[in-house]
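Take a look at the letters that make up each chain.
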Amino acid sequence: GESVGLHLPTLSVQEGDNSIINCAYSNSASDYFIWYKQESGKGPQFIIDIRSNMDKRQGQRVTVLLNKTVKHLSLQIAATQPGDSAVYFCAENKGAGSYQLTFGKGTKLSVIP
Amino acid sequence: GAGVSQSPSNKVTEKGKDVELRCDPISGHTALYWYRQSLGQGLEFLIYFQGNSAPDKSGLPSDRFSAERTGGSVSTLTIQRTQQEDSAVYLCASSFSRREQYFGPGTRLTVT
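Predicted model, so just to flag it, every value in this text is computed and none were measured.

(A) Main features of the nonpolar core. Residue and element names in this part refer to chain A. If you look at the biggest cluster of nonpolar residues, it comprises 20 residues, and the most contacted ones within it are Trp35, Leu73, Leu75, Tyr88 and Leu109. When contributions to this core are tallied by element, the ones reaching two or more residues are strand E2 (10–14), strand E3 (19–25), strand E4 (32–38), strand E5 (45–51), strand E7 (62–67), strand E8 (72–77), strand E9 (86–93) and strand E11 (107–112). Excluding its chain neighbours within four sequence positions, the residues that come into contact with leucine 75 are Ser19, Ile20, Ile21, Trp35, Ile47, Ile48, Val62, Thr63 and Tyr88.

(B) Looking closely at the sheet that holds strand E8 (residues 75–79) of chain B. Residues and elements named next belong to chain B. As summarised here, the arrangement of the four strands in space is E1-E3-E8-E7, forming an open sheet in which the pairing is antiparallel. Looking at the sheet topology across the chains shown, the edges are occupied by strand E1 (5–7) and strand E7 (65–69). Here the average twist between neighbouring strands, direction ignored, is 15°. Where E1 lies against strand E3 (residues 19–24), three bridges are found, and the strand directions are antiparallel. Residue pairing across strands places serine 7 opposite arginine 22, the latter belonging to E3.

(C) Local environment of the side chain of arginine 36 of chain B. All names here are of chain B. Along the polypeptide, arginine 36 turns up in strand E4 (residues 31–37). You can call arginine 36 buried: its relative accessible area is 11%. Non-local contacts of arginine 36, meaning those with residues more than four positions away in its chain, are made with Gly42, Leu43, Glu44, Leu46, Pro61, Phe65, Glu85, Asp86, Ala88, Val89 and Tyr90.

Calculation criteria
- Residues numbered from 1 in each chain as written.
- Chains lettered and ligands numbered in written order.
- Predicted model: local features only at pLDDT ≥ 70, side-chain atom pairs only at ≥ 80, totals over all residues.
- Heavy atoms only, no water.
- Core = buried A, V, L, I, M, F, W, Y, C linked by side-chain atoms within 4.5 Å.
- Buried < 20%, exposed > 50% of the residue type's maximum accessible area, 1.4 Å probe, protein only.
- Helix = DSSP H or I, 4+ residues; strand = E, 2+ residues; numbered from the N terminus.
- Contact = heavy atoms within 4.5 Å.
- Pairing = 2+ DSSP bridges.
- Axes fitted to C-alpha atoms, helices over the stretch in contact; angles between N-to-C directions.

Structure (structure tokens):
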């Protein structure tokens, strides 16, 4: 099976509310984790990443939290907008120095206007 | 600047035929990756290039799949004797470092 997975395949959120997308991983050797956004018909787009020696990182309207104790990763989107509707993937690399990423199956976020 | 481009955007082929998928990475990106995405699934790593060399080709599903990169730029993914299970979107990405990979729009392959 995949080492990276998601708890919820779909998530519907009211516009303006905050969204939280969760992800579990199993590779303790991963040294960074990444969130990607994929809109219909397009390739994935990098959102934010976090190194394994961090537990929180903030970007513009997004925050990624890493809990290494329970091997859990989450993406928080503040004030969700219709343009945030997409499929979100978490990914982890295989280990220090590795260029290979393992992706989860994705969570589809739908924003209700 | 120009992003990663892939061609063709769509390809329909008959079972048993060979196909070639092309990727033009962002200029200056030394790393290039191929992934496969089946309907409703995540991305499956196929192969990674650093320059013209492929230090990691562990994801290629069978010996029907091969890839090359020339001039540290364009890459071609070749699938021989295509099977219906090869139907998927093939995504190419490039990067300057290990972290942020820039993806192309993908090639949708349909094997009939």
